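Survey of secondary and tertiary structure
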Amino acid sequence: MFAREALTLGYKLTAVLPFAKSEFEQDFQPEKALEEDSLQAFRSLLEKADPVFQLDGSRTNEGRAYGVAGRTVLFNSDLLIVIWDGERQNKPGGTEETLADAQQAGIPVIWIHAEAGHAWRLLDPSVAWGELKKEDEPQEGQGDFDELGTRIETVLGLPQIASGKHEAKVDSSHKHLANFYREKNPGWKLSVGWKAFRDILGDFKFPRVTFAVKP
């Protein structure tokens, strides 16, 4: 659902698979799928994703494989959107574990309740995962989507540039961001040339010189 909507809005889709594509497709077979034509829908979305990361997870430890994929996504994200029913099952590698990792890392989380109504709330990253209580769950009428957009902009937006007579002395986050995007890949490094010189030198043997001191 999120992937389709994001593509419709012009966002770029990146896919992180816990297994090789052929193995991960087993999760979308009719006996496991949550909706009809799930496998075809998955393949259609994957064709639009760029890049696609196929991790080397193993079915012998599925929880760990899904956990690694979840953390790969999480630690490359500024904001995590989670659809969860609030039931703690303590299963490794699932939505619950990813949400806990996000809270621990201080990454903002928008929690959308999986049950009908789909209430949402922006979790406070300062609240530890173990301290979340039943009353922290999203509630109907808790907020509207206009408010949600404003709060997302607040979370992800760059700090405002200070104004006034000391403005010239204040670091501009916008300027730093622009400089970052202008960076180019480095060219040849001295370390590369040194390695080649060392390898060549290692195959060369200097003539042995001996000295003798007469009595």
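Below, the structure is looked at part by part.

Looking at the pattern of salt bridges
Pairing is possible between side chains of opposite charge, provided their charged atoms come close. According to the stated counting rule, one finds seven salt bridges in the structure shown. Two residues, Arg43 and Glu25, come together in a salt bridge whose shortest N-O distance is 3.0 Å. Taken as a pair, Arg43 in helix H3 (residues 38-48) and Glu25 in the loop between helix H2 (21-24) and H3 lie far apart in primary sequence, 18 residues in all. With a relative accessible area of 34%, Arg43 lands in the partly exposed category. The partner of Arg71 in a salt bridge is Glu97, and the shortest N-O contact between them spans 3.4 Å. Of this pair, Arg71 sits in helix H4 (residues 62-74) while Glu97 sits in helix H5 (residues 95-105), placing them 26 residues apart in sequence.

Concerning H3
Since the α-helix advances by 3.6 residues per turn, residues separated by three or four positions end up pointing in the same direction. Every buried residue belonging to H3 is among Ser38, Leu39, Phe42, Leu45 and Leu46, and all of these are buried. Angularly, the buried residues of H3 cover 130° about the axis, an arc narrow enough to put them on a single face. Of the exposed residues in H3, the ones pointing more than 90 degrees away from its buried face are Gln40, Glu47 and Lys48. Tucked into the core, H3 has its buried residues touching helix H1 (2-8), strand S1 (15-17), H2 and strand S2 (52-54).

Description of unusual backbone geometry
Here the bond from Asp50 into Pro51 is cis, since omega is 5°, no more than 30 degrees from zero. With respect to the helices and strands, the residue Pro51 is situated in the loop between H3 and S2. Positive phi is not limited to glycine here, since Asp37 has a value of about 55°. A relative accessible area of 63% places Asp37 in the exposed class. You will see that Asn90, though not glycine, has its phi angle at about 55°, which is positive. Mapped onto the fold, Asn90 is located in the loop between strand S3 (80-84) and H5.

Description of the side chain of Asp101
Mapped onto the elements of the fold, Asp101 is located in helix H5. On the basis of relative accessibility, which here comes to 15%, the residue Asp101 falls in the buried class. Setting aside its immediate chain neighbours within four residues, Asp101 contacts Arg71 and Leu74.

Reading the values: rules and limits
Residues numbered from 1 in each chain as written. Predicted model: local features only at pLDDT ≥ 70, side-chain atom pairs only at ≥ 80, totals over all residues. Heavy atoms only, no water. Salt bridge = Lys/Arg side-chain N within 4 Å of Asp/Glu carboxyl O. Helix = DSSP H or I, 4+ residues; strand = E, 2+ residues; numbered from the N terminus. Buried < 20%, exposed > 50% of the residue type's maximum accessible area, 1.4 Å probe, protein only. Arc of directions from axis to C-beta. Contact = heavy atoms within 4.5 Å.

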